[in-house]
Amino acid sequence: SQTIHQWPATLVQPVGSPLSLECTVEGTSNPNLYWYRQAAGRGLQLLFYSVGIGQISSEVPQNLSASRPQDRQFILSSKKLLLSDSGFYLCAWRRLLTANTGELFFGEGSRLTVL
Amino acid sequence: GIQVEQSPPDLILQEGANSTLRCNFSDSVNNLQWFHQNPWGQLINLFYIPSGTKQNGRLSATTVATERYSLLYISSSQTTDSGVYFCAVVRADSGGGADGLTFGKGTHLIIQP
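Criteria and thresholds
Residues numbered from 1 in each chain as written. Chains lettered and ligands numbered in written order. Predicted model: local features only at pLDDT ≥ 70, side-chain atom pairs only at ≥ 80, totals over all residues. Heavy atoms only, no water. Helix = DSSP H or I, 4+ residues; strand = E, 2+ residues; numbered from the N terminus. Rg over C-alpha atoms; globule rule 2.2 N^0.38 Å. Buried < 20%, exposed > 50% of the residue type's maximum accessible area, 1.4 Å probe, protein only. Contact = heavy atoms within 4.5 Å. Pairing = 2+ DSSP bridges. Axes fitted to C-alpha atoms, helices over the stretch in contact; angles between N-to-C directions. Buried area = accessible area lost by both parts, 1.4 Å probe. Salt bridge = Lys/Arg side-chain N within 4 Å of Asp/Glu carboxyl O. Nonpolar A, V, L, I, M, F, W, Y, C, P; charged D, E, K, R; others polar.

Caption draft 1: Expanded view of the overall build of chain A. Broken down by element type, chain A carries zero helices and 11 strands. Secondary structure elements of chain A, listed N to C terminal, follow the sequence β-β-β-β-β-β-β-β-β-β-β. In terms of C-alpha radius of gyration, chain A reaches 14 Å, essentially the compact-globule figure of 13 Å for 115 residues. Across its three principal axes, chain A shows a C-alpha extent of roughly 45 × 30 × 25 Å. The buried share of chain A, reckoned over its 115 residues, is 46%. Pairs at least 24 residues apart make up 53% of the contacts formed inside chain A by residues separated by at least 6 positions.

Written out as structure tokens, the structure is:
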């Protein structure tokens with residue numbers, strides 16, 4: 001069966017420091033991968049998605065970047081964190097049902113606090 | 001982009017009560033999912049339901065795609081049902097199978113013992 005893991009689960013970082021969040025998927029190949037952020041409140045915002053190694057699409061311009069160095073690895077990074085980067089970051093993968101549809105499954109999330 | 005509106009935003013019920021959560025969306029969709037976010041923040045998949053009706057235990061969902069809404073029913077509520085329920089969709093003509101879900105703002109459900 002497929003599983004998705006994120007780490008670290010929680011982190012507290014000072015303003016201006018770098019960030020690296022990692023997500024890996026097991027049990028599938030060439031998945032579509034996604035990074036979402038949930039800020040204070042309840043809504044989830046799509047940040048990046050990837051359909052393959054080295055292919056990244058950005059949905060929202062911001063202080064963050066994403067990379068996909070391996071088929072089942074997705075990394076969210078920042079060179080210098082801002083206070084506004086605080087939030088709950090969720091990685092997801094898509095289980096394709098047809099060529100154009102599929103169900104998303106989420107990891108456990110990484111809670112980032114920038115001080 | 002597509003708009004997703006959920007109602008009510010907050011709901012407080014006694015244990016054993018039934019509830020109906022609604023999700024309206026502004027365009028045709030080819031994916032609609034319901035999630036439950038538990039107190040630890042994890043998103044639990046409840047239903048993948050772009051159309052039709054599904055049931056899983058005390059939960060059921062119906063999507064009327066032609067009228068652009070979906071309903072999540074919770075019967076005989078338990079305290080463990082508390083949390084935030086999200087509806088999320090992918091627009092049907094979004095141009096590719098990779099597009100991510102657009103989420104509503106959620107319904108915060110509290111079940112009191």
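Caption draft 2: Looking closely at the sheet that holds strand β7 (residues 65-70) of chain A. Residues and elements named next belong to chain A. On the basis of which strands lie adjacent, the open sheet formed by four strands has the order β1-β3-β8-β7 and antiparallel pairing. For this open sheet the edge positions go to β1 (3-7) and β7, each flanked by a neighbour on one side alone. Across the sheet, the axes of successive neighbouring strands diverge by a mean angle of 20°, strand direction being ignored. Note: β7 against strand β8 (residues 73-78), four bridges, orientation antiparallel.

Caption draft 3: Inspection of the interface of chain B and chain A at higher detail. Opposite the 28 residues of chain B that make contact, chain A presents 25 residues. At the boundary of chain B with chain A, total buried surface from both sides reaches about 1,900 Å², with 51% on carbon and sulfur atoms. Here chain B and chain A share zero salt bridges between them. Elements that contribute at least two residues to the side of chain B that touches chain A include exactly β4 (29-37), β5 (43-48), β9 (83-91) and β11 (107-112) of chain B. Its residues assigned to classes, the side of chain B that touches chain A comprises 11 nonpolar, 14 polar and three charged.

Caption draft 4: Inspection of the pattern of salt bridges at higher detail. Residues and elements named next belong to chain A. One pass over the full model with this rule turns up four salt bridges over all chains. Close ionic contact of R37 with D85 constitutes a salt bridge, the shortest N to O distance being 3.8 Å. Of this pair, R37 sits in strand β4 (residues 32-38) while D85 sits in the loop between β8 and β9 (87-96); the two residues are 48 residues apart in sequence, bridging distant segments of the chain. A salt bridge links E103 to R95; the shortest N-O distance between them is 3.0 Å. E103 gets classed as buried once you look at its relative accessible area, which sits at 9%.

Caption draft 5: Expanded view of the sheet that holds strand β8 (residues 69-74) of chain B. All names here are of chain B. In space, the five strands of this open sheet follow the order β1-β3-β8-β7-β6, with antiparallel pairing throughout. On the outer flanks of this sheet lie β1 (4-7) and β6 (52-56), each paired with one strand and no other. Going across the sheet, the axis of each strand differs from the next one's by a mean of 15°, ignoring polarity. The sheet contact formed by strand β3 (residues 19-25) and β8 spans six bridges and is antiparallel. The partner of S19 across the bridge, within β8, is I74.

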